[in-house]
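Residue-level structural notes
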Amino acid sequence: MTQFQAAEKMSVSRPTLTGICEKARRTIAMAFVEGKPILIEGGDFHTDEFWYRCEACFKLLTSKTALLQCSHCESDKIRPLLPKPGKTLYLKSDEETDLCVCRNCNAKIPHQPGTPCRLTDCPECGNKMTRENSYHHQLFLNTNGTE
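Residues numbered from 1 in each chain as written. Predicted model: local features only at pLDDT ≥ 70, side-chain atom pairs only at ≥ 80, totals over all residues. Heavy atoms only, no water.

With 82% of its residues at a pLDDT of 70 or more, the protein chain shows a mean pLDDT of 80. Note on residues 84-94: pLDDT under 50 across the span, and 17 contacts to partners over four residues away in sequence or across chains. (pLDDT = per-residue confidence, 0-100. Contact = heavy atoms within 4.5 Å.)

Below, the structure is given as structure tokens:
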């Protein structure tokens, strides 16, 4: 899509979009040059490893077992990057329904196969929908204290 179309979709001006893209390019370039990891959060995925970010030394940690402290600086200030044990992320979980739900007004509509819920507007309030009980829906519920 063009910059104009992308800016319109993000509800920002074209110069603001250009600034966002330029900042992202600089950030990624610096990470490559300095050998820093690039952490992209969000989305559905599955892994058998535990992933953490140390809040003291900012190292990315992966382990086959749960960690209580950073293996680099021995700090206990580590943040899990995956859900709590027993809540692994799959491309489609068994709990996921065939409904799209609005995070704003909780309206539910049948999911249309082949069309991501996030591209569907809520018929009640016009906000974007999400798959009911998906990772993003659970994250929203947990963040807003509704679960």
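Moving on to the state of the cysteines. Think of a disulfide as a covalent bridge from one cysteine sulfur atom to another cysteine sulfur atom. Applying the stated criterion across every chain, the model contains 1 disulfide. Here Cys100 connects covalently by a disulfide to Cys117, the sulfurs 2.5 Å from one another. Taking the sign of the S-S torsion, -65 degrees for the link of Cys100 and Cys117, the bridge is left-handed. Remark: Cys117 occurs in the loop between β5 (108-110) and β6 (129-131) and Cys100 occurs in strand β4 (residues 99-102); sequence separation between them is 17 residues. By relative accessible area, Cys100 is classed as buried at 2%. The class of Cys117 is buried, set by a relative accessible area of 6%. (Disulfide = S-S within 2.5 Å. Helix = DSSP H or I, 4+ residues; strand = E, 2+ residues; numbered from the N terminus. Buried < 20%, exposed > 50% of the residue type's maximum accessible area, 1.4 Å probe, protein only.)

Read across the sheet, 3 strands follow the order β2-β1-β3 without closing on themselves; strand pairing throughout is antiparallel. Two strands lie at the open edges of the sheet, namely β2 (60-63) and β3 (78-80), each paired on one side alone. Between one strand and the next, the sheet's axes are offset by a mean angle of 30 degrees, whatever the strand orientation. Looking at chain direction, strand β1 (residues 50-54) and β2 are connected through 4 bridges and run antiparallel. (Pairing = 2+ DSSP bridges. Axes fitted to C-alpha atoms, helices over the stretch in contact; angles between N-to-C directions.)

On to the sheet that holds β6, then. Read from one edge to the other, the open sheet built from 3 strands follows the order β5-β4-β6, with strand pairing classed as antiparallel. Only two strands of the sheet have a single partner each, and these edge strands are β5 and β6. The mean inter-strand angle of the sheet, taken between neighbouring strand axes irrespective of direction, is 35 degrees. Inspection of the sheet shows β4 paired to β6 by 3 bridges, in the antiparallel sense. Residue pairing for β6: Cys100 is matched across the bridge by Arg131.

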